[in-house]
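# Architecture and fold: a report
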Amino acid sequence: MAFEIPNFTPALPEIFLLTMICVVLVVDLFLTDKNRSITYLLSQATLLGAAVLTVVVQSAVPEYTFSGMFVNDGMGTVLKLFIYLSTAVVFIYSREYLMERNLFKGEFFVLALFSVLGMMVMVSANNLLTIYLGLEVLSLALVALVALNRDSSISSEAAMKYFVLGAIASGMLLYGMSMLYGATGSLDHTEIASFIEQGSTDDIVLKFALVFIVIGLAFKLGAVPFHMWVPDVYEGAPTAITLFISSAPKIAAFAMLMRLLVEGLGGLLVHWQDMLIIIAVLSIIAGNVIAIAQTNLKRMLAYSTISHVGFLMLGIIAGTSDGYSAGMFYVIVYALMSLAAFGMIILLSRSGFEADTLEDFKGLNQRSPWFAFMMLITMFSMAGVPPTVGFYAKLAVLSAVVEIGLVWLAVLAVVFSVIGAFYYLRVIKFMYFDKAVDTTPISGAYDMRAVMSANGVIILLLGIYPTGLIALCVSVMP
Amino acid sequence: MPLLSLVIWLPILGGLAVLAASRHTSDANIRWMALAVSAVTFLVSLPLFFSFDSSTHEMQFVEMAAWIPAFNINYHLGVDGISMPLILLTAFSTIFVVAAGWEVIKVRVAQYMAAFLIMEGMMIGVFAALDSMLFYVFWEAMLIPMFIVIGVWGGPRRVYATIKFFLYTFFGSVFLLVALIYLYFQADKSFAILDFHVLKIGMDAQILIFLAFLIAFAVKVPMWPFHTWLPDAHVEAPTGGSVILAAIMLKLGAYGFVRFIMPIVPDASFELDWLIILMSLIAIVYIAFVALVQEDMKKLIAYSSIAHMGFVTLGFFMVFTIFEKTGSIQGAALGVEGALIQMISHGFISGAMFLCVGMMYDRMHSRNISDYGGVTNTMPVFAAFFLFFAMANAGLPGTSGFVGEFMVILSAFQANFWYAFLAALTLIFGAAYTLWMVKRVLFGEIKNDKVAQLTDLNGRETLILGTLAAAVLILGLWPAPLIDVMHATVNNLLEHVVVSKL
């Protein structure tokens with residue numbers, strides 16, 4: 001049997017990243033704490049290099065390699081680029097924060113880059129095993145990151161919860177995948193899709209497989225009723241890690257939904273549509289309602305994430321090309337807003353002080369009108385109020401569900417987004433209407449303040465002219 | 001020249017410039033800068049009136065550019081006889097708002113001025129938008145500056161009032177959003193308002209769309225029973241905020257009725273016009289009683305606004321009954337034109353009333369009627385103005401308040417005697433609650449030392465009230481130019497509305 005050498009080109013960014021992770025790991029060994037910035041710069045350069053390579057190897061038509069286990073297509077390229085971008089922003093935001101807490105170590109960068117690698121594999125997976133491989137690389141690295149501050153009991157608890165619940169979810173997912181393999185005799189998404197299309201497989205086994213796969217996905221996305229880990233992990237992890245978990249991995253989770261449900265199991269649309277509707281509705285309701293009761297901003301944003309996941313699913317529920325691109329637009333926009341919101345907590349935190357309660361934002365407009373304005377934009381964007389980009393994200397997913405006739409679902413979603421608006425408004429109330437208690441001037445590294453401002457301004461500018469980003473998302477969907 | 005874009009973006013960019021300049025210059029310069037921006041905007045908007053072709057109902061000053069092609073959303077602007085006067089009213093009122101905050105606003109002056117300038121641009125955008133998504137973006141976006149204005153510079157219960165204001169309006173608007181998305185797919189993926197006007201829609205869908213629109217616009221107008229946010233917002237808002245709320249924001253809701261509900265779902269409007277008429281008459285009669293017992297002057301004027309807006313919605317929705325009875329649209333046109341004039345007139349009068357209360361509040365720091373008495377002894381000039389605006393509010397012939405109400409009542413006789421009877425009661429009730437307030441505040445003995453120490457209007461205040469008084473008088477004595485501008489548009493609207501779209 002002849003062994004054919006696979007085409008390595010489409011996977012060049014992944015190969016590059018893996019090599020560079022090893023380089024960072026080794027280089028870091030020889031650095032003292034004083035020179036740790038070299039690790040930081042090297043990690044940023046790695047992301048930049050991966051981005052360049054991703055652009056170089058992009059392909060307009062889907063390119064399959066490694067016996068069809070790996071795919072390189074337009075959606076993958078765009079999602080990967082946004083994963084690099086948000087990771088790079090996370091590195092910038094968290095540098096000072098980590099230094100002040102004595103967490104500025106090589107491990108942080110190596111683990112973060114490993115999770116980026118896992119995300120890239122997920123994004124490019126065309127095989128159940130590839131998806132699982134990517135998912136585990138991501139999850140294990142994230143668990144270690146959550147526990148990075150090992151002396152903090154709350155962090156360890158969060159990591160433990162994340163690990164145990166993540167393992168259950170992975171088990172569910174694997175079980176579903178094994179049934180899928182049993183029913184179709186293949187692990188390859190393309191082949192599974194054609195098996196289902198021919199209708200030559202047992203429907204009941206497929207449905208069972210689907211149930212477990214959807215549960216696994218819902219766990220990973222943090223959708224109700226599988227959301228219990230989200231608030232604890234968001235609150236327990238160091239804010240820099242929360243910032244990371246809430247941005248790039250969400251993009252990867254969206255890719256996983258697309259690869260598994262749409263490309264692999266697209267033939268079962270009618271079945272998973274109903275399941276996702278239930279999950280989405282519960283997420284939107286529970287996320288928005290429970291968030292109102294939170295006083296810790298990180299927990300509040302965790303519940304807000306849950307509701308955003310529900311909205312994101314609306315796009316996929318539609319089962320149309322428009323819906324998928326709406327979902328993709330939503331997840332990218334969400335990552336942007338999440339970076340801005342958690343970045344603001346980091347900006348206001350300083351050595352020995354976490355600005356993670358709502359009270360800490362009191363009178364921010366007096367302390368720094370500019371950053372208060374940035375947070376104002378972010379909050380209105382999360383609430384979906386124009387002229388911020390969050391509005392178009394909501395508009396896109398709502399129009400996707402209205403198009404397939406689910407007007408009631410759109411009405412329900414918007415009613416709960418009004419309820420959700422309350423807790424975003426409350427943040428603004430603290431910033432603008434209350435007097436400052438803490439009058440320490442806002443300090444922060446120059447680069448962080450610049451990127452933070454750019455982040456807020458982009459949310460506003462995309463709100464005034466979202467054309468390019470929407471067109472990009474539409475163009476990469478089949 | 002893209003006149004409409006200029007009128008929209010000039011104040012918005014001017015507002016941003018004011019914000020940017022605040023670091024480098026004194027508050028005094030900021031005030032002059034804001035005044036200059038608002039004055040220039042008003043001047044720039046004047047050609048809209050003078051170059052307006054009143055012989056046609058077509059949209060004028062049209063601008064069109066692709067904005068978000070993926071959703072076929074366009075930057076599509078244009079005005080007709082209904083929206084053009086409202087744009088002028090907006091530009092006109094903002095000047096007074098800037099002037100009214102001149103001495104009172106001492107903290108974060110730049111943010112205050114910028115909020116109003118940006119809001120001005122957005123409100124003009126709502127009136128000028130011909131693409132429903134552009135309309136929606138402006139419609140929602142203007143909540144943000146208003147939310148900040150009430151919350152930062154408002155009274156003691158400002159947080160409660162502003163969150164209530166925002167959530168109430170936001171709640172109404174989201175139904176509008178879903179209805180617009182639904183229409184988008186019905187109209188073969190177009191968000192153009194004019195495309196919606198010619199769309200054929202089934203009765204069940206029409207009813208649902210009607211209700212969705214109704215929630216959005218009735219909250220904004222506000223119609224009874226959706227009005228409870230308004231007194232709170234008015235009482236807590238700074239004077240400028242109250243003026244904009246009463247003069248412009250309420251008109252946005254009424255504008256939605258003529259731009260969206262009547263032309264897009266005429267059959268549902270016909271079917272459910274009793275509902276609107278009922279709500280309007282309750283607003284006119286019941287809210288007038290509520291106004292009568294208010295202790296707080298701002299609250300009283302707020303309730304009087306609700307009653308006056310009831311006239312506007314009554315004027316709009318009587319057309320179906322009148323058309324059914326007379327078979328001609330001429331009688332109905334009288335009611336609609338009366339309602340539109342009432343909108344403009346109420347903009348002047350309620351704005352002026354809130355300014356008057358604001359001027360007293362600046363001196364006495366109280367809005368309670370019982371704290372005043374005999375103000376006319378110490379502030380004779382002010383008292384003259386206040387009495388004049390109060391008379392106008394009560395609908396005295398010769399003032400603009402009379403013209404609109406008279407036309408609506410006249411038209412109501414064609415629909416139903418009892419409509420006219422109940423609506424005409426407002427002439428009594430309106431006079432009762434307004435003049436009784438005036439009597440208690442202005443006349444009688446000097447009530448206390450504070451009143452005795454009051455100083456009369458300064459030059460700035462006299463100029464503000466003098467200009468508004470002139471506007472009220474001109475519109476009251478010679479409304480013809482305004483009616484002339486509206487006539488073709490209103491006729492077209494009515495011809496359109498009486499044709500079934502099933």
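One can find the structure itself at the top, above this paragraph.
Residues numbered from 1 in each chain as written. Chains lettered and ligands numbered in written order. Predicted model: local features only at pLDDT ≥ 70, side-chain atom pairs only at ≥ 80, totals over all residues. Heavy atoms only, no water.

What follows covers the overall build of chain A. The helix and strand tally for chain A stands at 20 helices and two strands. For 478 residues, the compact-globule formula gives about 23 Å, and the C-alpha radius of gyration of chain A, at 21 Å, lands near that figure. Overall size of chain A, expressed as C-alpha extent along the three principal axes, is 70 × 60 × 40 Å. Residue pairs at least 24 apart in sequence account for 80% of intrachain contacts in chain A once pairs closer than 6 positions are excluded. (Helix = DSSP H or I, 4+ residues; strand = E, 2+ residues; numbered from the N terminus. Rg over C-alpha atoms; globule rule 2.2 N^0.38 Å. Contact = heavy atoms within 4.5 Å.)

In the structure shown here, the tally under the stated rule is 53 aromatic pairs over all chains. Residues Tyr162 of chain A and Trp229 of chain A carry aromatic rings whose centres are separated by 5.0 Å and whose planes lie at 25° to one another, so their mutual orientation is stacked. Taken together, the residues Tyr162 of chain A in helix H6 (residues 153-184) and Trp229 of chain A in helix H9 (residues 229-236) connect sequence positions 67 residues apart. A relative accessible area of 12% places Tyr162 of chain A in the buried class. For the ring pair Phe166 of chain B and Phe170 of chain B, a centre distance of 5.7 Å and an interplane angle of 45° mean the geometry is tilted. Taken as a pair, Phe166 of chain B and Phe170 of chain B lie in helix H7 (residues 158-186) at a separation of four residues, close to a single helical turn. Across the pair, exposure class does not vary: Phe166 of chain B and Phe170 of chain B are buried alike. Through a chain of ring-to-ring contacts, the aromatic side chains of Phe135, Trp139, Phe213, Phe217, Phe257, Phe260, Phe270, Phe317 and Phe320 of chain B assemble into a single cluster. Above the ring of Tyr40 of chain A, the side-chain terminus of Arg95 of chain A is found at 5.1 Å from the ring centroid. Looking at Lys394 of chain A, its charged tip hangs above the ring of Phe311 of chain A, at a distance of 4.7 Å from the centre. (Phe/Tyr/Trp six-rings, centres within 6.5 Å; stacked < 30°, edge-to-face > 60°. Buried < 20%, exposed > 50% of the residue type's maximum accessible area, 1.4 Å probe, protein only. Lys NZ or Arg CZ within 6 Å of the ring centre and 35° of its normal.)

What follows covers the nonpolar core. Formed by 411 residues in total, the largest nonpolar core has its most connected members in Trp272 and Leu314 of chain A together with Phe213, Phe316 and Phe382 of chain B. Here this core takes 21 residues from helix H14 (residues 321-348) of chain A, the largest share from any one element. Setting aside its immediate chain neighbours within four residues, Trp272 of chain A contacts Leu210, Val214, Leu261, Val262, Leu265, Gly266, Ile316 and Tyr324 of chain A. (Core = buried A, V, L, I, M, F, W, Y, C linked by side-chain atoms within 4.5 Å.)

Moving on, we get to a nonpolar patch on the surface. The grouping of Leu461, Ile464 and Tyr465 of chain A together with Trp9, Leu13, Leu16 and Leu19 of chain B at the surface amounts to a nonpolar patch, some 650 Å² of accessible area in total. Contributing elements (two or more residues each) for the nonpolar patch: helix H19 (446-464) of chain A together with helix H1 (3-21) of chain B. In terms of residues, the nonpolar patch owes the most to one element, H1 of chain B, which gives four residues. Its location among the elements puts Leu16 of chain B in helix H1. Residue class for Leu16 of chain B comes out partly exposed when judged on its relative accessible area of 42%. (Patch = residues over 30% accessible without salt bridge, like charges linked within 9 Å, V, L, I, M, F, W, Y side chains within 5 Å. Areas by Shrake-Rupley, 256 points an atom, 1.4 Å probe, with all protein chains shown as cover. Salt bridge = Lys/Arg side-chain N within 4 Å of Asp/Glu carboxyl O.)

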